[in-house]
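Observations on the three-dimensional arrangement
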Number of protein chains: 2
Amino acid sequence: MKVILYMAMTVNGYIARENDETPWSDIEWESFTEMIKKVGNYVMGRRTYETSLKAGVFPYPCLSIVMTKEPIENKWGDQVIFTDKSPQDVLKLLGEKGFDTAFVGGGGQINASFMKENLVDEIYLDIEPLVFGKGIKLFADADFEAKLELIGTQQLSENEIQLHYRVKK
Amino acid sequence: MKVILYMAMTVNGYIARENDETPWSDIEWESFTEMIKKVGNYVMGRRTYETSLKAGVFPYPCLSIVMTKEPIENKWGDQVIFTDKSPQDVLKLLGEKGFDTAFVGGGGQINASFMKENLVDEIYLDIEPLVFGKGIKLFADADFEAKLELIGTQQLSENEIQLHYRVKK
């Protein structure tokens with residue numbers, strides 16, 4: 001199972017303000033949704049689910065896997081799975097559903113849990129032209145390091161650049 | 001006074017490991033030292049001074065301004081100034097010495113103190129192909145936000161990219 005991690009963030013690595021706001025651009029949003037459509041699934045944490053719900057962008061145009069320790073009632077039918085499975089078992093589940101690629105996209109806790117288990121193969125980072133003095137980190141604090149290879153860069157707009165990395169295994 | 005902030009960091013915004021280690025590349029180091037030579041000065045904090053000392057790279061080939069609340073004995077003569085001045089007053093001092101540009105380069109506390117006062121004009125970020133699960137942030141936690149304009153990008157090596165921003169005022 002190939003695992004892609006995709007996030008937009010400030011230049012200093014924050015994926016949201018402390019209050020979960022993500023003032024990114026429409027162009028970034030288009031790039032993001034295009035990718036989840038292509039992959040066909042989106043693995044996220046409970047907080048990202050709730051933020052998406054509040055922002056009116058949930059459900060996403062793909063299968064959404066919401067990783068949560070707290071049970072959540074599923075009003076969405078087959079297009080959403082709430083699960084307390086581990087990262088490895090979420091990937092197994094996606095494999096059983098016929099996917100060969102998993103899309104992981106926040107928040108910091110979920111991102112770190114996949115990185116810590118060395119499960120991520122590629123990272124896309126849309127660098128927004130912003131600095132936050134505080135915020136929610138791309139990866140919640142965890143004991144790991146990873147080496148990357150820069151696969152490519154793409155200018156999304158005048159001030160936004162996308163960096164695309166392979167994680168060295 | 002034009003203020004340039006220049007740092008190397010991991011893709012997730014850490015300018016060092018928690019123990020101050022900065023396992024960056026020689027190419028990054030060359031780019032950094034070329035810039036301080038060009039500008040002629042380097043404003044840093046006490047911790048960056050001590051880390052530079054330990055790494056055997058101090059003194060730098062330019063005027064070094066070390067911002068510190070604790071008095072430090074100056075064994076270096078005219079090429080180093082230890083000062084407890086504010087960011088504004090450090091810039092004034094550099095102006096009096098004939099500089100039209102100030103180079104600010106770490107650590108996170110000093111970087112944040114200049115950003116918080118809206119004193120930074122340009123930011124250079126050398127993005128190292130690394131992720132740290134924990135580390136020292138580009139900007140220590142502070143209450144500010146800044147909007148940027150992407151001036152340019154430069155590939156420093158196969159896996160390292162430099163992002164160059166203007167800070168919107």
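All figures in this text were calculated on a predicted structure; none of them were measured in a lab.

Let us look at the overall build of chain A. Tallying secondary structure elements over chain A gives four helices and eleven strands in all. Its C-alpha radius of gyration of 15 Å places chain A within 12% of the 15 Å reference for a compact globule of 169 residues. In terms of overall dimensions, chain A has a C-alpha envelope of 40 × 35 × 30 Å along the principal axes. Across the 169 residues that make up chain A, the buried fraction comes to 56%. By sequence separation, contacts in chain A at least 24 residues apart represent 64% of the contacts at least 6 residues apart. Working note: accessible area of chain A is about 7,700 Å², and carbon and sulfur atoms make up 44% of it. Separation of charge centres in chain A, based on 19 positive and 26 negative side chains, amounts to 4 Å.

Between the two copies of this chain, the relationship is a rotation about some axis together with a displacement along it. Once turned by 180° and shifted 0.0 Å along the axis, chain B lies on chain A with an RMSD of 0.0 Å. Interpreted geometrically, this transformation is the action of a two-fold axis. Identified as the residue of chain B closest to the rotation axis by C-alpha distance is G13 of chain B, at 2.4 Å. Looking at chain B, 100% of its interface residues are interface residues in chain A too, so the copies touch through the same face.

Right, let's get into the interface of chain B and chain A. One frequent convention defines the size of an interface as the accessible area lost when the parts assemble. Tallying the contact residues gives 37 residues for chain B and 37 residues for chain A. Across the chain B/chain A interface, buried area totals approximately 2,900 Å², and carbon plus sulfur atoms make up 58% of it. Among the residues chain B hides against chain A, the three largest losses belong to V11, V131 and E145 of chain B. Together they make up 19% of the total. The interface formed by chain B and chain A holds four salt bridges in total. Across the pair R17 of chain A and E145 of chain B runs a salt bridge whose closest N-O atoms are separated by 2.4 Å. Linking chain B to chain A there are 15 residue pairs in polar contact (both at pLDDT 80 or more). Those elements that provide at least two residues to the side of chain B that touches chain A are β7 (122-128), β8 (130-132), β10 (145-157) and β11 (160-167) of chain B. With eight residues, the single largest contributor to the side of chain B that touches chain A is β10 of chain B. Broken down by class, the residue content of the side of chain B that touches chain A amounts to 22 nonpolar, six polar and nine charged. As judged from the three bridges shared by strand β10 (residues 145-157) of chain A and β8 of chain B, these two strands associate in the antiparallel manner. Note on β8 of chain B: the bridge partner recorded for A146 of chain A is V131 of chain B.

Now for the pattern of salt bridges. The final tally for this structure, using the stated rule, is 22 salt bridges over all chains. A cluster of three or more residues bridged by salt bridges with shared partners is formed by R17 and E21 of chain A together with E145 of chain B.

Residue and element names in this part refer to chain A. Of all the six residues making up strand β7 (residues 122-127), six are buried; the element is thus mostly covered by neighbouring parts of the structure. Side chains E122, Y124 and D126 of β7 all project onto a buried face; the interleaved residues I123, L125 and I127 project onto the opposite face, where all are buried too. Summarising the sheet, strand β1 (residues 2-9) and β7 pair through six bridges and their orientation is parallel. Note that in β7 the partner of A8 across the bridge is D126. Of the pairings in the sheet, the one linking β7 to strand β11 (residues 160-167) comprises six bridges and is antiparallel in character.

Here chain A shows a mean pLDDT of 97. Residues at 70 or above account for 100%. Interface confidence for the predicted complex, given as ipTM, is 0.96, next to a pTM of 0.97.

Residue and element names in this part refer to chain A. In terms of burial, strand β3 (residues 41-45) is largely enclosed, as five of its five residues are buried. Alternating residues of β3 divide into N41, V43 and G45 and Y42 and M44, and every residue in both groups is buried. Where β3 meets strand β4 (residues 63-67), five bridges bridge the pair, whose relative direction is parallel. Pairing of M44 across the sheet is with V66, part of β4. A crossover links β3 with its parallel partner β4, the connecting element being helix α2 (residues 46-54), and its sense is right-handed.

With that settled, the discussion passes to the environment of A16 of chain B. All names here are of chain B. As for its position among the elements, A16 is in strand β2 (residues 14-16). Looking at A16, the relative accessible area reads 5%, which means it is buried. Through-space distance from the C-alpha of A16 to that of G108 is 9.6 Å; in sequence the pair is 92 residues apart. Excluding residues within four positions of it along the chain, A16 makes contact with E21, T22, W24, F132, G135 and I136.

One pass over the structure, following the stated rule, counts 30 aromatic pairs over all chains. Arranged with centres 6.0 Å apart and planes meeting at 15°, the rings of W24 of chain B and F132 of chain B form a pair that is stacked. Pair noted here: W24 of chain B is in the loop between β2 and α1 (26-39) and F132 of chain B is in strand β8, with a separation of 108 residues, a long-range link. Neither residue differs from the other here; W24 of chain B and F132 of chain B are each classed as buried. Taking 5.7 Å as the distance between ring centres and 90° as the angle between the ring planes, the aromatic pair formed by F139 of chain B and F144 of chain B counts as edge-to-face. For the pair formed by F139 of chain B and F144 of chain B, the shared burial category is buried. Aromatic ring contacts, followed pair by pair, group Y6, W29, F32, Y42, Y49, F58, Y60, W76, F82, F103 and Y124 of chain A into a single cluster.

The rules behind these values
Residues numbered from 1 in each chain as written. Chains lettered and ligands numbered in written order. Predicted model: local features only at pLDDT ≥ 70, side-chain atom pairs only at ≥ 80, totals over all residues. Heavy atoms only, no water. Helix = DSSP H or I, 4+ residues; strand = E, 2+ residues; numbered from the N terminus. Rg over C-alpha atoms; globule rule 2.2 N^0.38 Å. Buried < 20%, exposed > 50% of the residue type's maximum accessible area, 1.4 Å probe, protein only. Contact = heavy atoms within 4.5 Å. Areas by Shrake-Rupley, 256 points an atom, 1.4 Å probe, with all protein chains shown as cover. Lys, Arg positive; Asp, Glu negative; His and termini not counted. Charge placed at Lys NZ, Arg CZ, Asp CG, Glu CD. Least-squares fit on C-alpha atoms with pLDDT ≥ 70 in both. Buried area = accessible area lost by both parts, 1.4 Å probe. Salt bridge = Lys/Arg side-chain N within 4 Å of Asp/Glu carboxyl O. Polar contact = N/O pair within 3.5 Å; in protein donor to acceptor, adjacent residues only side chain to side chain. Nonpolar A, V, L, I, M, F, W, Y, C, P; charged D, E, K, R; others polar. Pairing = 2+ DSSP bridges. pLDDT = per-residue confidence, 0-100. Right-handed = clockwise from strand over helix to strand, strands pointing away. Phe/Tyr/Trp six-rings, centres within 6.5 Å; stacked < 30°, edge-to-face > 60°.

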